[in-house]
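The primary structure of each chain is shown beneath.
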Amino acid sequence: MADCAGARLQVYARNLATVLRVDGEIDAANADRVVDAIRRLTVLKAPLILDLSHLDFLAIDGFRALLVLNHEYLQARLHCSVVAGAALRPLLRIVVNHGLTVVDSVPEALQLLEDIIGSRRQLDLTSKRRSRQRYAPTHVISERT
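All chains use their own residue numbering, which begins from 1 and follows the written sequence. A pLDDT threshold of at least 70 governs which residues receive local features in this predicted model, and a stricter bar of 80 or more applies before side-chain atom pairs are shown or counted, although totals over entire chains, interfaces and linings include all residues. As a rule here, side-chain values come from all non-hydrogen atoms in the structure, and water together with hydrogens is ignored.

(A) Main features of the overall build of the protein. Summing up its helical and strand segments, the protein has four helices and seven strands in all. Along the protein, helices (α) and strands (β) appear in the sequence β-β-β-α-β-β-α-β-α-β-α when read from the amino end. Across the 145 residues of the protein, 38% fall into the buried class. Two residues qualify as a contact provided that any one of their heavy atoms is within 4.5 Å of a heavy atom in the partner residue. Counted over contacts in the protein with a minimum sequence separation of 6, partners at least 24 positions apart contribute 64%. Counting every atom, the protein has about 9500 Å² of accessible surface; 51% of that belongs to carbon and sulfur. Helix and strand definitions follow DSSP, with helices as H or I runs of at least four residues and strands as E runs of at least two, each counted in order from the N terminus. We call a residue buried when its accessible area falls under 20% of the maximum for its residue type, exposed when it is over 50%, and partly exposed in between, using a 1.4 Å probe and counting protein chains only. All accessibility values rest on the Shrake-Rupley procedure with a 1.4 Å probe; residue burial counts only the protein chains present in the view.

Structure representation (structure tokens):
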């Protein structure tokens, strides 16, 4: 567990993603520190589930930092889901086009990741089949003797 001046971060490794639970408060005083701690997880190159359901307070500075972090994950082609709680929901109602993947629980976020992975695998299989069909001979030329 890491303490970031009022916010406590706990990391849980799961098969599909890294789950990071944040408790306490994120405000102007600690928002950068919290985001820096979360950024260190990007070296894992794993999807992130950011569990904010136990957060007591989220200031606009923390929300802004969350949006920047989400953008960085998108740029790195990493999935990031946010489990919303009482501290985040009012900001989500005000900022409508936030771009966050918001879920209600960690199990829902894990299911979403399973669905995404399954869809990508299906897409890869379909693409490989089409590729093989494209290069397969469509007819046989017979030699006349």
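The rest of the description comes next.
(B) Local environment of the pairing of strand E4 (residues 48–51). Side-chain alternation along E4 places Leu48 and Leu50 on one buried face and Ile49 and Asp51 on a second face that is also buried. Pairing of strand E3 (residues 18–26) with E4, which is carried by four bridges, proceeds in the parallel orientation. Across the sheet, the residue bridging to Val19 is Ile49, located in E4. One ladder, built from four bridges, connects E4 with strand E6 (residues 80–83); its direction is parallel. Bridging across to E6, Leu50 finds its partner in Val82. A pair of strands is labelled paired if DSSP reports no fewer than 2 bridges between them.

(C) Representation of helix H1 (residues 31–39) in the model. Looking only at H1, the buried set comprises Ala31, Val34, Val35, Ala37 and Ile38. Buried positions in H1, seen along its axis, are confined to an arc of 155° and lie on one side of it. On its buried face, H1 sits against strand E1 (2–4), strand E2 (7–13), E3, E4 and helix H2 (60–75). Note that the arc is computed from the directions linking the helix axis to the C-beta atoms.

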